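What follows is each chain in one-letter form.
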4 protein chains.
Amino acid sequence: MSGNTFGTLFTVTNFGESHGPAIGCVIDGCPPAMPLSEADIQADLDRRRPGTSRHVTQRNEPDAVQILSGVYEGQTTGTPIALLIHNTDQRSKDYSDIAQSFRPGHADYSYWHKYGIRDPRGGGRSSARLTAPTVAAGAVAKKWLAQRYGTGFRACMAQLGELVIPFEGWEHVRANPFFAPVADVARYEDYMDALRKAGDSCGARIRVQATGVPVGLGEPLYDKLDADIAYAMMGLNAVKGVEIGAGFASVAQRGSTHGDSLTPEGFPSNNAGGVLGGISTGQDLEVSLAIKPTSSIASPRASIDIHGKSTEVVTKGRHDPCVGLRAAPIAEALLALVLMDHALRHRAQCADVLAPGPPIQASFL
Amino acid sequence: MSGNTFGTLFTVTNFGESHGPAIGCVIDGCPPAMPLSEADIQADLDRRRPGTSRHVTQRNEPDAVQILSGVYEGQTTGTPIALLIHNTDQRSKDYSDIAQSFRPGHADYSYWHKYGIRDPRGGGRSSARLTAPTVAAGAVAKKWLAQRYGTGFRACMAQLGELVIPFEGWEHVRANPFFAPVADVARYEDYMDALRKAGDSCGARIRVQATGVPVGLGEPLYDKLDADIAYAMMGLNAVKGVEIGAGFASVAQRGSTHGDSLTPEGFPSNNAGGVLGGISTGQDLEVSLAIKPTSSIASPRASIDIHGKSTEVVTKGRHDPCVGLRAAPIAEALLALVLMDHALRHRAQCADVLAPGPPIQASFL
Amino acid sequence: MSGNTFGTLFTVTNFGESHGPAIGCVIDGCPPAMPLSEADIQADLDRRRPGTSRHVTQRNEPDAVQILSGVYEGQTTGTPIALLIHNTDQRSKDYSDIAQSFRPGHADYSYWHKYGIRDPRGGGRSSARLTAPTVAAGAVAKKWLAQRYGTGFRACMAQLGELVIPFEGWEHVRANPFFAPVADVARYEDYMDALRKAGDSCGARIRVQATGVPVGLGEPLYDKLDADIAYAMMGLNAVKGVEIGAGFASVAQRGSTHGDSLTPEGFPSNNAGGVLGGISTGQDLEVSLAIKPTSSIASPRASIDIHGKSTEVVTKGRHDPCVGLRAAPIAEALLALVLMDHALRHRAQCADVLAPGPPIQASFL
Amino acid sequence: MSGNTFGTLFTVTNFGESHGPAIGCVIDGCPPAMPLSEADIQADLDRRRPGTSRHVTQRNEPDAVQILSGVYEGQTTGTPIALLIHNTDQRSKDYSDIAQSFRPGHADYSYWHKYGIRDPRGGGRSSARLTAPTVAAGAVAKKWLAQRYGTGFRACMAQLGELVIPFEGWEHVRANPFFAPVADVARYEDYMDALRKAGDSCGARIRVQATGVPVGLGEPLYDKLDADIAYAMMGLNAVKGVEIGAGFASVAQRGSTHGDSLTPEGFPSNNAGGVLGGISTGQDLEVSLAIKPTSSIASPRASIDIHGKSTEVVTKGRHDPCVGLRAAPIAEALLALVLMDHALRHRAQCADVLAPGPPIQASFL
């Protein structure tokens, strides 16, 4: 209710601040008897980790996750899985200047008004660092969905600032620090170097996909699958837009074009992005995110202090010039958490439903 | 949990099907002692009502709302407000053909797989008719927010199919059946007439705005104000994309441009769309929606039947060729429901917070 | 959140006041494809109905239930089931005297302080009349549990005022207006007649039982099955105490006596009342309730008015001298709602669990 | 939803097992700017701690609590407060014998059937050790309620096995290891010594009280204050019965006696136990619990193994012969958590209600 728990049946309760002793989460509702170890979770955390290239924040932390509960002799027990990640590389002195004023485009201002108190160290609770527990929880959901339904998740960068990135193949994504689906990223390296020198930041567009999605997940009116995906993605730091399937392009489409026809072999197109009437169709889930440029930049900006007086703000410290560079694994995790929750909801209410015919699963986007 | 209740503290539990005896909702959590009558609610229902121009479905129903509970001597009592709307113009025979096959782009297919049973009459539960109780509940939220904070809501059509609609002024919106912010809508009349003759449908882009928004609403991590807005809007029938503030345009912006500077007089720009770190800033809330073209069209489409065999589907009956034409009041209602819920959440946790200085409220978008 | 919705996966949202136009509820989460008609529900409503003997309130209403949604061609569709019961025999003039003062032992006082406004007609929202929608929803849960697991529910009166009622057999319960498990109820008839003449009221103890309960229902720490049963029962109007199994008698038991031994044939005793560690054992669920004497009595009582001044209150109108007389079917319904909710929760998380051996079901209480 | 989170607006998500690396909880919804330190919490943990007298388990752990988040410069920030308690004195070898069979009266059997897997070390998740995080969270609620409303909490033992304990005064409670409200506890020392020698266990009755309770807390129909208290208390390990106010004694009372009269100076009696119609009256909250005898006893008991075959079980290890001896601080914590949650709920919906006259607060029980 206070906004730190994700999900309804598979819940993730996230805690911590950027420069406190530790961050983490409690996962509740994970089915019993699934093999789970810290290594299963660490792999995704490492993909999100800072300090892995010169284009992201140089804060360097191992982000080693510890399982505190819910696993017995290598298997989940059905009870809460608590995950702990210690903060090891806080440099709070970097933030002392900004405790008295508000960075334009940053949560400083709104937190101050909401709570009347805020932890300014590294952004406190509003730091993108708090996506780490989300990624850890997502890894648990991914594992269960893969075992149970063969569901897979992947994400890539589709645009970096003004540069639209062509899609050459998913195999490239893990081979470069941009999560770009292209063989040669020299152009993006140069772009980021120039941006960093200019003391500025840029946005990004991220594409996220789930494959092997069961048909029939999602609720009919308010907790639609696409609604919950939009909630999850828009809640990710810096996201300003979310699309499912054809997205904003569907505005200019005709109904005779947009509606994916059905054939005995499956859907030959995927304008729906895998959801009709808020319920999954078995097509791939296709989601696209707009990520705004980072607000913490080295260039001076006009602002006000906590007394309402004019001031100028320059953000020092270690910041990502494009938070979109680390967003791909986080977006995958969020999509996995949404699907996991709806998979359990479906079991609760519809476990007796016999699927009327073989599930149709195809995607030729 | 089963997706028919909206909100957490101000909840709307929606029930009914397109061709059942009645639709309606139960509102719980409305503060006591607010004057409320059926007329307060009917005004918004009338704006959403079908049959008001030749461009929307000719199903003609008064959509008269009845308050069954929660109001005593003209005032809310703090107990559940049940609202009932009888269905009066069902013609179920129109739908008998399609009970055995799936309309491309329609929820027929996914409902069938989820539940193993569906009410095919008029789309049953998946009908856009079920937005009426949402609009009714939104009217209650609007009234409370207006009284308590002076908050206002408005929405207009920003694009119709390929036609981008220039913004001439909010005063035009109520003067034409398109909710278009322009004086002359002849061009859009012609466009819709041609579309209807062609037996096809088109999409739309809707802009929604809230003014007079209190600062500090929204939760820090998962139930961010923008996340809940995205959830609400993406859950509206036919929506495929949601933007807050600069939206997808922020991808190509620089941080030095995007972050709205703060001045003692307020924010001179509104790229944030009224939300920073998931919490309202006091700027206007600015939201944009992509609505796909209606799937129920008169042109024949390739599909399958419930046994998985190829068939061809032609949708007869009365359908909107552009559901976007009636989306504006629904989008307003959803935005009001989100704000109402977060206003109550804020009171619960932060009622003791003394706002540090006068709220800054400005918008020069 | 505002206390008018029961359950988490199988939810019942209750609305209405004693003297408003209608009362009812919306059931969400009922699995699809269960046969359901109004007659299924009416049977339990008739058992709870007022006006059936001279010992209960003479308000005489048919309490005819109407299904507004969620059922198509005689089967549930998995979407919300809205139930409506019109109020037909309101006599609001009876209550005009008490709008300005508080009945001792009645919710008048606390409602007034909570909301600052209250509907005094017939107790408004606090009336026991609002148990009717609960009973209606319970009938739906009972039907599903009976079909799916063979679960049955029954309740009887175990004590009327000072009179402990011996248990002669369940077959007597439906044969007398006291729900007493005895062949001859003349003694209780006389007791009630004397009480009514004295203008006074008395309490009752109700025993509720579920048979054929699946093993493994309930959550481990906070939403234990017995905790949720206690919540449901204590929330019933006038209940002041709840026991599971041996209840308060277990205080004076030894561990060597209390703990029900396990045998290959089942449990030879049932001190547990069917729950261990908050999770069902497959034994019968055994619950006992203490119901206080009605607060609305004809004898004059010292009280204060809404301005805090001393006054004397005499309650006129039609009231039950022992609300326990109609509590049995309500207690059954509440137990069914709790079990239904936990059955769905169990499916969500533990649907893959293979029960390690045949379920042990026995009860020799 | 999976039963490890308590509350709705002030939530406590509990994690851990008896013999895992750590136990703890995440508190969400605590209002900002409340001074809070580990010492505030440790005091209550120390009252619940094992190893403090010869009458309780000799497991000896400091139960030192660490605040991981949500507090900045000594004040709550309104964000989640994560509390961690390391397990330091696990002796898992004690439990190896019982992993293959079920202790009569213990959660072993029901956990096994629910999850198909269980952590047998020290009872795993079902251990009473998991009440420690509840007590820690309760200390936070107590502090806020004391500061905001002057609310106080206290509990004592009212009966030990067959021995009813007379009430001599609250001042004695902290002076003996029984939480007994009497000056001389020699009788209870002897009783416990005899019990321990016999290898048996006994039950207890606990009385819990809240003073300085605001009027108007509680919801009208299902989440009544007394319903939530019953839920909280019945969910405490080993509790089999709960009473509010006159409890089961009210069955034999007359309405003319039971209903507490109102006077301009307050309520001269408290049969209601502080709740009318589910909403607090401002009287003291009076709650009574029945605690069953511990199931883990040294005497041999007939049982079955996990294959359903007959066996005999003897529980070795360190166990409390009367869990009621440490229940008093836990019951206080649970009552505080319920009140805290309802205090925040009330602010959400009824913050604008002006109390019509001075709150009446009196208790002469």
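The shown structure was predicted, so the numbers you read here are calculated from the model rather than taken from an experiment. (Residues numbered from 1 in each chain as written. Chains lettered and ligands numbered in written order. Predicted model: local features only at pLDDT ≥ 70, side-chain atom pairs only at ≥ 80, totals over all residues.)

*Asks:* How should I be thinking about the overall build of chain A in this particular structure?
*Replies:* Per the secondary structure count, chain A includes 7 helices and 16 strands. In terms of C-alpha radius of gyration, chain A reaches 21 Å, essentially the compact-globule figure of 21 Å for 365 residues. Its C-alpha atoms give chain A principal-axis dimensions of about 65 × 50 × 40 Å. Looking at chain A residue by residue over its 365 residues, the buried ones come to 67%. (Helix = DSSP H or I, 4+ residues; strand = E, 2+ residues; numbered from the N terminus. Rg over C-alpha atoms; globule rule 2.2 N^0.38 Å. Buried ≥ 20, exposed ≤ 12 C-beta atoms within 10 Å, placed from the backbone.)

*Asks:* When you look at the sheet that holds strand β1 (residues 5-6) of chain A in this model, what are you seeing that I'm missing?
*Replies:* What holds strands together in a sheet is hydrogen bonding between their backbones, with the strands either parallel or antiparallel. All names here are of chain A. Taking strand neighbours across the sheet as the criterion, the 5 strands line up as β1-β2-β3-β7-β4 in an open arrangement whose pairing is antiparallel. The open sheet has two edge strands, β1 and β4 (65-67), and neither has a second partner. Bridging between strand β3 (residues 22-28) and strand β7 (residues 81-86) involves 6 bridges; their strand directions are antiparallel. Bridging from a neighbouring strand, Gly24 pairs with Leu84 of β7. Strand contacts of helix α3 (residues 131-149): β2 (11-15), β3, β4 and β7, with the helix running at about 35° to β3, the strand carrying the most contacts. (Pairing = 2+ DSSP bridges. Contact = placed C-beta atoms within 7 Å. Axes fitted to C-alpha atoms, helices over the stretch in contact; angles between N-to-C directions.)

*Asks:* When you look at the pairing of strand β14 (residues 285-291) of chain D in this model, what are you seeing that I'm missing?
*Replies:* All names here are of chain D. Judged by how many residues are buried, β14 sits mostly within the fold: 7 of 7 residues are covered. Because side chains alternate across β14, one face comprises the buried residues Leu285, Val287, Leu289 and Ile291, and the other comprises Glu286, Ser288 and Ala290, equally buried. For strand β10 (residues 204-211) and β14, the ladder comprises 7 bridges, and the chain directions are antiparallel. By the bridge assignment for β14, Gln209 is matched with Glu286. Pairing geometry for strand β11 (residues 239-244) and β14, over 5 bridges, is antiparallel.

*Asks:* Looking at this model, I keep getting lost on the relation of the copies chain A and chain B. Mind explaining?
*Replies:* A rotation about some axis, followed by a shift along it, carries one copy of the chain onto the other. Mapping chain A onto chain B calls for a screw motion: a turn of 180° about the axis and a shift of 0.0 Å along it, with 0.0 Å RMSD after fitting. Here the symmetry operator amounts to a two-fold rotation axis. Looking at the rotation axis and the C-alpha trace of chain A, the residue lying nearest is A:Tyr231, at 2.3 Å. Most of the interface of chain A is mirrored in chain B, where 100% of its interface residues again form contacts. (Least-squares fit on C-alpha atoms with pLDDT ≥ 70 in both.)

*Asks:* Looking at this structure, I do not really get the UniProt feature "binding site: FMN" (unreviewed entry) in chain A. What am I missing?
*Replies:* The UniProt record marks A:Arg125, A:Ser126, A:Ser127, A:Asn237, A:Ala238, A:Gly277, A:Lys292, A:Pro293, A:Thr294, A:Ser295, A:Ser296 and A:Arg318 with the feature "binding site: FMN" (unreviewed entry), using the residue numbering of this structure. For A:Lys292, the position within the fold is in the loop between β14 (285-291) and β15 (301-304). A:Lys292 has contacts with A:Gly203, A:Ala238, A:Lys240, B:Ser250 and B:His258, leaving out every residue within four places of it along the chain. With respect to the secondary-structure elements, A:Pro293 resides in the loop between β14 and β15. Sequence-distant contacts of A:Pro293, that is, excluding residues within four places in its chain, are made with A:Ser201, A:Cys202, A:Gly203, B:Ser250, B:Gln253, B:Arg254, B:Gly255 and B:His258. (UniProt positions renumbered as here; feature names shortened; annotations may be inferred.)

*Asks:* What exactly am I supposed to notice about the interface of chain C and chain B here?
*Replies:* Accessible area lost upon the coming together of the parts is a frequently used measure of interface size. With 35 residues of chain C at the interface, the matching set in chain B holds 35 residues. With 4 residues, the single largest contributor to the side of chain C that touches chain B is strand β3 (residues 22-28) of chain C. Partitioned by chemical class, the residues of the side of chain C that touches chain B number 14 nonpolar, 16 polar and 5 charged. (Nonpolar A, V, L, I, M, F, W, Y, C, P; charged D, E, K, R; others polar.)

*Asks:* For this particular structure, what's the right way to read the interface of chain A and chain B?
*Replies:* At the junction of the two partners, chain A supplies 103 residues and chain B supplies 103 residues. Across the side of chain A that touches chain B, the residue classes break down as 43 nonpolar, 42 polar and 18 charged.

*Asks:* Looking at this structure, I do not really get the confidence of the model for chain A. What am I missing?
*Replies:* Detailed reading of the predicted coordinates is not advisable wherever pLDDT is low. Residues and elements named next belong to chain A. Model confidence for chain A is summarised by a mean pLDDT of 91, while 93% of its residues fall at 70 or above. A low-confidence stretch, residues 355-365 stays under pLDDT 50, and its non-local contacts, those more than four residues away or across chains, total 23 contacts. Here the predicted complex scores 0.96 on pTM and 0.95 on ipTM. (pLDDT = per-residue confidence, 0-100.)

*Asks:* Explanation requested: the relation of the copies chain C and chain B in the structure shown.
*Replies:* Each copy of the sequence occupies a distinct position, and chain C is placed on chain B by a rotation of 180° and an axial shift of 0.0 Å, giving an RMSD of 0.0 Å. Counting the interface residues of chain C, we find that 100% of their copies in chain B are interface residues as well, pointing to one common contact surface.

*Asks:* Got a minute to help me understand the UniProt feature "binding site: NADP(+)" (unreviewed entry) in chain A in this structure?
*Replies:* Residue and element names in this part refer to chain A. The UniProt feature table records "binding site: NADP(+)" (unreviewed entry) at Arg48 and Arg54. Of note, Arg48 is situated in helix α1 (residues 38-48). When sequence neighbours within four positions are dropped, the list of residues in contact with Arg48 reads Thr131, Ala132, Val135, Arg326, Pro329 and Ile330. Its place among the elements puts Arg54 in the loop between α1 and β4.

*Asks:* Would you mind going over the sheet that holds strand β14 (residues 285-291) of chain B with me for this structure?
*Replies:* Spatially, β9(A)-β8(A)-β10(A)-β14(A)-β11(A)-β11(B)-β14(B)-β10(B)-β8(B)-β9(B) is the arrangement adopted by the 10 strands of the open sheet, whose pairing is antiparallel. Only two strands of the sheet have a single neighbouring strand rather than two, namely β9 (163-164) of chain A together with β9 (163-164) of chain B.

*Asks:* Sorry if this is basic, but what is going on with helix α4 (residues 186-197) of chain B here?
*Replies:* One full turn of an α-helix is made of 3.6 residues, so residues set three or four places apart face in the same direction. Residue and element names in this part refer to chain B. Counted at 1.5 Å a residue, the expected span for α4 with its 12 residues is 16 Å, and the 17 Å between its end C-alpha atoms agrees. Listed as buried for α4 are Tyr188, Met192 and Leu195. The arc that holds every buried residue of α4, seen down its axis, measures 60°, which confines them to one face. Residues of α4 that are exposed and point more than 90 degrees away from the buried face comprise Ala186, Asp190, Ala194 and Lys197. (Expected span 1.5 Å × (residues − 1). Arc of directions from axis to C-beta.)

*Asks:* Looking at this structure, I do not really get the environment of A:Asn237. What am I missing?
*Replies:* All names here are of chain A. With respect to the helices and strands, the residue Asn237 is situated in the loop between α5 (225-234) and β11 (239-244). Separated by 154 residues in the primary sequence, Asn237 and Leu83 place their C-alpha atoms 21 Å from one another. Leaving out residues up to four positions away in the same chain, Asn237 has contacts with Ala128, Thr131 and Val323.

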